[in-house]
Amino acid sequence: MKQLLIILLLTQFIFIKTNAQETERWDKEVSATPNPSQQWFKDAKFGMFIHWGLFAQAGGVWQGKDYYGISEWMMNRGKIPAVNYAELAKKFNPTKFNAKEWAQLAKDAGMKYMVITAKHHEGFAMFDSKVSDFNIVKATPYHQDPMKSLAQAVRDAGLHFGFYYSQYLDWHEPNGGGNRWDFNEAKKDYQAYYRTKSIPQIKELLNNYGSLGLIWFDMPGGLSKEETQKLIDDVRKIQPGCLISSRVGNGLGDFKDYGDGEIPATAPGDGAWEALFTHNDSWGYSKFDYNFKTPKEIVRLLTTVSSKGGNLILNVGPDSTGQMPEYSVKYLRLVGKWLKVNGEAIYGTTAGFINPQPWGLTTSKPDKLYLHVFERPKDGLIFIPGLYQIKKAYLLANKQPLAFVKANGGISIKLPYLIDPYNTVIAVDLKSKPISLNVDAPVTVSNQYTNNALDAINAHPSGKAQIKSITYSHYFGDWKHTLCLVEMATPEDGAIFLANITTPGDYKVTLEYACPPALAGQEGVMNLNGKNYQFATLATSDYESHKPLLFIKQTIAITTILKAGLYRLNIHPLHNGNELFKLKTIWLEPVN
Ligand code: FHN
């Protein structure tokens, strides 16, 4: 009995581990010689991702059991036998699907490309496949190929069209990756899977749906570098211009995809890349998930990604009738309205060369800088550090010229009012080629804002302290990523933050961090403005990637700044011990 229990526990552990590994496998390396036809992708900035499959029929519910989290993983989480899961196809009848409406929605949203799941991990082909009968034409009462009309409608709307294809995970097939509840891992022949289903279906997609902008591979496995290269050569032979996502594996893709819901900490450079988010928290349609990002959140997300030089591909999950979620339709159209007016500051831009400022972010074009103002300072002066000469500045929305003055260490542009609550864009005509982005520059702090953030990315760590992206989730698979200052365990493991405090006055200092209960109570010290401030940490939550990570805000000081200027804030543990905390932000809140 005892032995049985141990075996049971061990199997559970192996399953949990395997799931974790599979879910977190985000191949980000790209080829040193990527496909040269990628300029359209770099300029596009905004795309629509669609996860559609049999999981939309279930919506996260299987035999009365509710699966919160990413709905397209329900089969795996419930260890649902492939034969039973396949029954979903018998009811899948998306009679409300209208290719032109979907294409129009993407266009209205200001998106420039669309990528849809041709086959997700469940193994079901959403297209007419001669390779496997487990497809929408043969196995459902719908008996039509929605991908044919969609590919056409999207191209007719002037957008690029691409397919997502899960090349390794296939829970329907004995030789496919991932299904160990039906099929014996030891007997799997991955090469046979690639030979008989994956590669032939990829060829069908390339041969039968016209010109593809890209193929979005996901979660590689089972192929060597040479075999991956052969797959890429096959793609190139059929469609030389078709781009390939980095998740083809083995560092051979054309453009880099970050992790699900992840934005790189700083601008990664010149290569083509994409940040991928879903509109709510699930990729596939989920009956429970109403955590839709608001239009303002989407505009700011798109701006954040553009300010680092990448694309945002935003996912929507249509239901089994073929309808898009109500709030996706409504909010995406509002984003489109903003882009109609302000698109010049997003499409075709490269990363902004000014660090994030308390008012917002920047994007750039050869002779232009775009200031994306999220918060207007009380005095209306948008301070741009390090920029000394400009030709003119104007509101992008109505071309109204704006006055500017030389300020201490840069230029200040007078913004009379915020014209757009999502993001007010100021266009700046430059006089000379700008200097390059400097992430180490001091952070501007002033009493003209409700709060000022010194984020982990602004830290200059010392000793063993380091800046790290921490990954965690709320429900299953809805990954979140937060950049934190970590590994501060001795007084030598600390960090300095440089703040350019432009307005004297009182500032309240608040730390925002996560700290496991078992480690809470350790002491730290912060030095600012000539004084040491001690504190003891408070408990939040343990850190596990499959659990929520909770952050707390703890005020540790008030300081009076008498003179504007450069200040150093130094923080570190008071004694030797365990990791003090995972520090996300130090807030400097003006006391007005
Ligand atoms: O497992 C999939 C998940 O279902 C979804 O398709 C995402 C989108 O990037 N990709 C995988 C996880 O990274």
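Concerning the domain arrangement of the protein
Okay, step 1: If you check the domain split of the protein, you get domain 1 (39-345), domain 2 (352-439) and domain 3 (452-590).
Okay, step 2: Placing a centre on the C-alpha atoms of domain 1 and another on those of domain 3 gives a separation of 38 Å.
Okay, step 3: Residue-level contacts link 11 residues of domain 1 with 10 residues of domain 3.
Okay, step 4: Across the interface of domain 1 and domain 3, roughly 890 Å² is buried in total on both sides, 67% from carbon and sulfur atoms.
Okay, step 5: Along the contact surface separating domain 1 from domain 3 lie 1 salt bridge.
Okay, step 6: Viewed at the interface, domain 3 and domain 1 are joined by 3 residue pairs in polar contact (both at pLDDT 80 or more).
Okay, step 7: In the side of domain 1 that touches domain 3, the residues fall into 4 nonpolar, 3 polar and 4 charged.

Quick look at helix α9 (residues 190-208)
Okay, step 1: With 19 residues, α9 should cover 27 Å at 1.5 Å per step; its first-to-last C-alpha distance of 25 Å lies within 8% of that length.
Okay, step 2: Of all the bends found along α9, the most pronounced is centred on Ser-198 and spans about 30°, while Pro-200, a proline, follows it within four residues.
Okay, step 3: Along α9, the residues classified as buried are Tyr-190, Ala-192, Tyr-193, Tyr-194, Lys-197, Ser-198, Gln-201, Ile-202, Glu-204, Leu-205 and Leu-206.
Okay, step 4: Two or three places before Gln-191, at the opening of α9, Asp-189 has a side-chain oxygen 3.2 Å from that residue's backbone nitrogen.
Okay, step 5: Gly-210, located one to two residues past α9, shows a positive phi value of around 70°.

Quick word on the packing of helix α6 (residues 99-108) against helix α8 (residues 146-156)
Okay, step 1: For the pair α6 and α8, interaxial distance at closest approach is 8 Å and the crossing angle is 40°. Judged on the interaxial angle alone, α8 and α6 are oblique. Where α6 crosses over α8, the handedness of that crossing is right-handed. Residues Ala-99, Lys-100, Trp-102 and Ala-103 of α6 form the contact with α8, whose participating residues are Ser-149, Leu-150, Ala-153 and Val-154.
Okay, step 2: Residues that form the contact of α6 with α8 fall into these classes: 6 nonpolar, 1 polar and 1 charged.

How each quantity is defined
Residues numbered from 1 in each chain as written. Predicted model: local features only at pLDDT ≥ 70, side-chain atom pairs only at ≥ 80, totals over all residues. Heavy atoms only, no water. Domains from an automatic or database assignment. Contact = heavy atoms within 4.5 Å. Buried area = accessible area lost by both parts, 1.4 Å probe. Salt bridge = Lys/Arg side-chain N within 4 Å of Asp/Glu carboxyl O. Polar contact = N/O pair within 3.5 Å; in protein donor to acceptor, adjacent residues only side chain to side chain. Nonpolar A, V, L, I, M, F, W, Y, C, P; charged D, E, K, R; others polar. Helix = DSSP H or I, 4+ residues; strand = E, 2+ residues; numbered from the N terminus. Expected span 1.5 Å × (residues − 1). Bend = angle between axes of the 7 residues up to and from the residue. Buried < 20%, exposed > 50% of the residue type's maximum accessible area, 1.4 Å probe, protein only. Axes fitted to C-alpha atoms, helices over the stretch in contact; angles between N-to-C directions. Parallel < 35°, antiparallel > 145°, perpendicular 65-115°, else oblique. Left-handed = near helix turned anticlockwise from the far one by under 90°.

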